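Here is how the chains run, residue by residue.
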Amino acid sequence: MSPNGAGQGQWPWMLKTKDITLYVSGGHWNGIASVRFSSHYLWSCRSVLEAIVSAQTFLDDLFKTEMFLQVSSVDLCVDVAGWEDVERLDRVQNFISRSRKRTVRDESEWATEVKSRDYSVGFQRTGFDFSQGKHGLSSLSCRMYDKSRELVQSGKEWFVDLWRSHGWSEDDGRVWRVEFSFKREALHELQQENTSHEVVFWGIEDAYELPERLPVLWAYATGQVEGGPDRLPDGWLRCVVPNGDKNRSRWPTHPVWQLIQTAFLDPMEVPPQFGKIVRKRWQEHNIDKGIEAVMGYLTLAVGPKQTVKQFLEHWLEEVHKPNIRQGSYVRYRTNLKYHILPVIGDVQLQRLTSQQVQSLYSQKIKEGLSASYIHSIHGLLHEALDQAVKWKLISINPCDSVTLPRLVRYEIHPLTREQAQKMLSTAKGHPLEGLLTMALATGMRKCELLCLRWEDVNLDDMSLQVRRTVAKYKGGYVESEPKRAGSRRKIILPQFVIDTLKQHRVHQLEARLKMGDAWIDRDLVFCTVNGDYYPFATLDQQFKALLKKAGLPLIRFHDLRHSAATLLLTMGVHPKVVQELLGHSQIRMTLDTYSHVLPSMQQEAMSKLDDVFRRNSGKDDKKVQ
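Rules used in this analysis
Residues numbered from 1 in each chain as written. Predicted model: local features only at pLDDT ≥ 70, side-chain atom pairs only at ≥ 80, totals over all residues. Heavy atoms only, no water. Helix = DSSP H or I, 4+ residues; strand = E, 2+ residues; numbered from the N terminus. Buried < 20%, exposed > 50% of the residue type's maximum accessible area, 1.4 Å probe, protein only. Pairing = 2+ DSSP bridges. Axes fitted to C-alpha atoms, helices over the stretch in contact; angles between N-to-C directions. Parallel < 35°, antiparallel > 145°, perpendicular 65-115°, else oblique. Contact = heavy atoms within 4.5 Å. Nonpolar A, V, L, I, M, F, W, Y, C, P; charged D, E, K, R; others polar. Expected span 1.5 Å × (residues − 1). Bend = angle between axes of the 7 residues up to and from the residue. Patch = residues over 30% accessible without salt bridge, like charges linked within 9 Å, V, L, I, M, F, W, Y side chains within 5 Å. Areas by Shrake-Rupley, 256 points an atom, 1.4 Å probe, with all protein chains shown as cover. Salt bridge = Lys/Arg side-chain N within 4 Å of Asp/Glu carboxyl O. Core = buried A, V, L, I, M, F, W, Y, C linked by side-chain atoms within 4.5 Å. Phe/Tyr/Trp six-rings, centres within 6.5 Å; stacked < 30°, edge-to-face > 60°. Lys NZ or Arg CZ within 6 Å of the ring centre and 35° of its normal. pLDDT = per-residue confidence, 0-100. Disulfide = S-S within 2.5 Å.

Asks: I would appreciate a short explanation of the overall build of the protein chain in the present structure.
Replies: Along its length, the protein chain carries 21 helices and 18 strands. Within the span of the protein chain, comprising 625 residues, buried residues form 48% of the whole.

Here you go:
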């Protein structure tokens, strides 16, 4: 056991034997550990599943808890004897790939310069490298080299015994290895678009899926895939025989490569999206030598079996809470408690699928939640799972592939000047008179009005300061700062509002004297008869009753904000002034929201322009007459 990772960087401890290498970290990278199996150890096991189970048992005992295993990387190889023309192959002319179609994310072109490595003694060119990216790095890569020469340097004589057990002898000549390396990104993002244009995920999240996925991985890597709608051979890499066709995808697969494609045949049926595995015997290709499939190195990422509930609660409390407003935190906590966790909280984080998230949204729609509420739940879940991807707890965000309900833009219904006057006239002497007058004159939001304090109002200066908002949750009322800096603003009040506020304050002081010790002193301008927060639902009910009494359309309380903006714009007030009054972050938001007012404003402007030029051209008009 070596401390400080023995030069392994992020891993502070390392346990190394000839069979396995175990790296143990502090839990900041993909759980807490990574275990790597050597090919020698894998061949000593009866199956890959046996090796995984052995690791599971060892790690569960070591960490005293059940561990979750993910495949972090795997090398799949075949050793081929009797491949006579391999050294005459050209990387450009004899190998093609359509790999950029295999994942949803964009892929870069192949490296323009692919380096050749010396896999054996000496400095001769002994193989090919195929990878993506300018630096030859890729989540999936292929190496082809002379394994016979490499054994001289590595000293892995047991490979020779393995070949001999399958009928190979020195007289059969050299053995060439074709080796594909799958890194975490490829294993967790491998997708296939079938002929119905459906994207099917055939990657690996759980290590126990690996044994049954070996034929699929190999079929994808070696190009033994039926292809997309064009039915042409597809896959990551294919060795071909050029025939002059301009479409290289139609070039026939090299006979030896067809043989290589059959290396990981398995009794389990390969998914139809990957086409039929060619099951031809070696003799059909005039190759009378042996071929052996090899399970190379396998690396498992190890971490505790974390549920969605455990992750989301940790993320919200320890990561997100310090960076958000109190009101946002309470809203997130409410969404988790009542909507998200009861449905998917018990699902293992690494096994959460897009289908489960989609079912969550569908269930909430059936329960009567609005489309905008579904979008808010989605925003919370998507942001949290993005963090899980960054921490490498999951490879892809399940929220990326869901379909959200269509948002229906609410058509605003502002009051006309006459309707607004009628509403205030009807509200005379009503408990809501001061609140409705303030809303119509300032365009303040309901959440801003219901937490406005007398300390924020300067009757002498005829102004007020918007400093906070309030929200109602099942646990009560929560105040917080406005979301945007522009929402914290100073508003100048007209005289009729000042007069109404003074009268409103007298009535409030009288109510306070009547309540005595039962009065709740929050210094609120608009409150209940005992000084507490005005219930949102009660306000809406009383507002609609007042509108009905006045014979006005039953609009929302929020439409008073739209009414204030519309009245100001129609009176010729500059949109910039209206923007600052409403607390919009950008003037574009003001113009987009109240675009219905602009045609009448343009008509008025053109009329004024017409008056000016008609007056200046009066003499010419008379001549025309």
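Back to the text.
Asks: I tried to follow the sheet that holds strand β15 (residues 463-466) on my own but got confused; where do I start?
Replies: Adjacent strands of a sheet form backbone hydrogen bonds with each other and so pair up, either parallel or antiparallel. Strand order in the open sheet made by the 3 strands is β14-β15-β18, with antiparallel pairing throughout. Whereas interior strands pair on both sides, the edge strands pair on one side only; in this sheet they are β14 (457-458) and β18 (489-492). Where β15 and β18 come together, 4 bridges link them in antiparallel fashion. Bridging from a neighbouring strand, V466 pairs with R489 of β18.

Asks: Can you help me understand the packing of helix α2 (residues 48-63) against helix α6 (residues 210-221) in this one?
Replies: Two packed helices can be described by the angle between their axes and the distance between those axes. Closest axis-to-axis distance for the α2/α6 pair is 9 Å, and the angle between their directions is 135°. Viewed along their axes, α2 and α6 adopt a mutual orientation that is oblique. Counted together, V48, L49 and I52 of α2 and L210, P211 and L214 of α6 form the full contact between these two elements. Partitioning the contact of α2 with α6 into residue classes produces 6 nonpolar, no polar and no charged.

Asks: How do you make sense of helix α9 (residues 326-344) when you look at a structure like this?
Replies: Side chains three or four residues apart in an α-helix point the same way, a direct result of the helix having 3.6 residues per turn. Helix length check: α9, at 19 residues, gives a terminal C-alpha distance of 25 Å against a target of 27 Å (1.5 Å per residue), a fit within 8%. The sharpest bend along α9 reaches about 45° and sits at L336. Those residues of α9 not exposed but buried are G327, S328, Y329, V330, Y332, T334, N335, L336, H339, I340, L341 and I344. Summarising the contacts, the buried residues of α9 are in contact with α8 (308-320), α10 (354-366), α11 (371-390), β16 (469-473) and β17 (476-480).

Asks: What exactly am I supposed to notice about a nonpolar patch on the surface here?
Replies: On the surface, L49, V53 and Y208 cluster together to form a nonpolar patch covering roughly 230 Å² of accessible area. Its place among the elements puts Y208 in the loop between β11 (199-201) and α6.

Asks: Looking at this model, I keep getting lost on the pattern of salt bridges. Mind explaining?
Replies: Two side chains carrying opposite charge are able to pair once their charged atoms lie near each other. Throughout the structure, instances matching the rule amount to 22 salt bridges. Note that R177 and D79 form a salt bridge whose closest N and O atoms lie 2.7 Å from each other. Residue R177 is located in strand β9 (residues 175-183), and its partner D79 is located in strand β5 (residues 67-81); the two are separated by 98 residues in the primary sequence. Considered together, R177 and D79 belong to a single accessibility category, that of buried residues. For R512, the salt bridge identified is with D521, shortest N-O distance 3.3 Å. What makes D521 exposed here is its relative accessible area of 52%.

Asks: Would you mind showing me how to read the nonpolar core here?
Replies: A general trend in soluble globular proteins is that nonpolar side chains are found buried together. Within the largest apolar cluster, 52 residues are counted, with the highest numbers of intra-cluster contacts made by M423, L436, M438, L464, L501, F557 and L560. Elements with a minimum of two residues in this core: α12 (417-426), α13 (433-442), β15, α15 (495-515), α16 (536-550), α17 (559-570) and α18 (575-582). Contacts of F557, omitting those with residues within four sequence positions, involve L435, L436, A439, K446, L449, L539, D540 and F543.

Asks: What am I meant to see in unusual backbone geometry here?
Replies: Comment: phi is negative for the bulk of residues other than glycine, and the bulk of peptide bonds are trans. Its identity is not glycine, yet K64 carries a phi of approximately 60°, on the positive side. Along the chain, the position of K64 falls in the loop between α2 and β5. At M462, a residue that is not glycine, the phi angle is positive and equals roughly 55°. Secondary-structure assignment places M462 in the loop between β14 and β15.

Asks: In this structure, what is going on with the packing of aromatic side chains? I would like to understand it.
Replies: To describe a pair of aromatic rings, you give the distance between the ring centres and the angle between the ring planes. Under the criterion given, the structure shown has 6 aromatic pairs. Through successive ring pairs, a cluster of aromatic residues spans Y477, Y533 and F536. Of note, K321 hangs over the ring of Y329, and the distance from its end group to the ring centre comes to 4.4 Å. Sitting above the plane of the W454 ring, R505 keeps its charged end 4.7 Å from the centroid.

Asks: Whenever I open this one, the side chain of K364 confuses me. Can you help?
Replies: Locating K364 in the fold gives a position in helix α10. Judged by relative accessible area, which is 4%, K364 ranks as buried. Look past the residues within four positions of K364 in its chain and what remains in contact with it is Y338, H339, V343, L369 and I374.

Asks: When you look at the packing of α8 against α11 in this model, what are you seeing that I'm missing?
Replies: The interhelical angle for the contact between α8 and α11, taken along N-to-C directions, is 85°, at an axis separation of 10 Å. With respect to their mutual orientation, α8 and α11 come out roughly perpendicular. Taken together, the residues of α11 that come into contact with α8 (itself represented by F311, L312, W315 and H320) are L380, L381, E383, A384, L385, Q387 and A388. Residue composition of the contact of α8 with α11, by class: 8 nonpolar, 2 polar and 1 charged.

Asks: Sorry, what's going on with the pairing of β5 here?
Replies: Looking down a regular strand, the side chains alternate between one sheet face and the other. The buried fraction of β5 amounts to 15 of the 15 residues, a majority that puts the element mostly inside the structure. Pairing analysis gives 9 bridges linking β5 to β9, with the strands arranged antiparallel. Opposite D79, over in β9, you have R177 as the bridge partner.

Asks: Teacher, can you tell me more about the confidence of the model for the protein chain here?
Replies: As a general rule, the predicted coordinates of low-pLDDT regions are not to be interpreted in detail. Within the protein chain, residue pLDDT values average 76, and 75% of them lie at 70 or more. Long-range and interchain partners of residues 4-8, a stretch whose pLDDT sits below 50, account for 10 contacts in this model, where long-range means more than four residues apart.

Asks: I'm lost on the environment of E84 in this one. Help?
Replies: With respect to the helices, strands and loops of the structure, E84 is situated in the loop between β5 and β6 (95-96). C-alpha of E84 to C-alpha of W176: the two residues are 92 residues apart in sequence and 9.9 Å apart in space.

Asks: Teacher, can you tell me more about α6 here?
Replies: Of all 12 residues making up α6, 10 are buried, and the element is well covered by its neighbours. Where α6 is concerned, the buried positions are L210, R213, L214, P215, V216, L217, W218, A219, Y220 and A221. A positive phi of about 80° marks G223, the residue just after α6.

Asks: Explain the state of the cysteines to me, please; I cannot follow it from the model alone.
Replies: Between two cysteines, a covalent bond joining their sulfur atoms is known as a disulfide. Counted by the stated rule, this structure contains 0 disulfides. Between C447, a cysteine without a disulfide, and C451, which holds the nearest cysteine sulfur, the sulfur-to-sulfur distance is 6.9 Å. Assessed through its relative accessible area of 23%, C447 is described here as partly exposed. Owing to a relative accessible area of 1%, C451 belongs among the buried residues under this scheme.

Asks: How do you make sense of the pairing of strand β4 (residues 33-37) when you look at a structure like this?
Replies: Where burial is concerned, most of β4 is hidden: 4 out of the 5 residues are buried. Two strands pair when backbone bridges link them, and strand β3 (residues 20-24) and β4 are joined in this way by 5 bridges, in the antiparallel orientation. Within the sheet, the bridge partner assigned to I20 lies in β4 and is F37.

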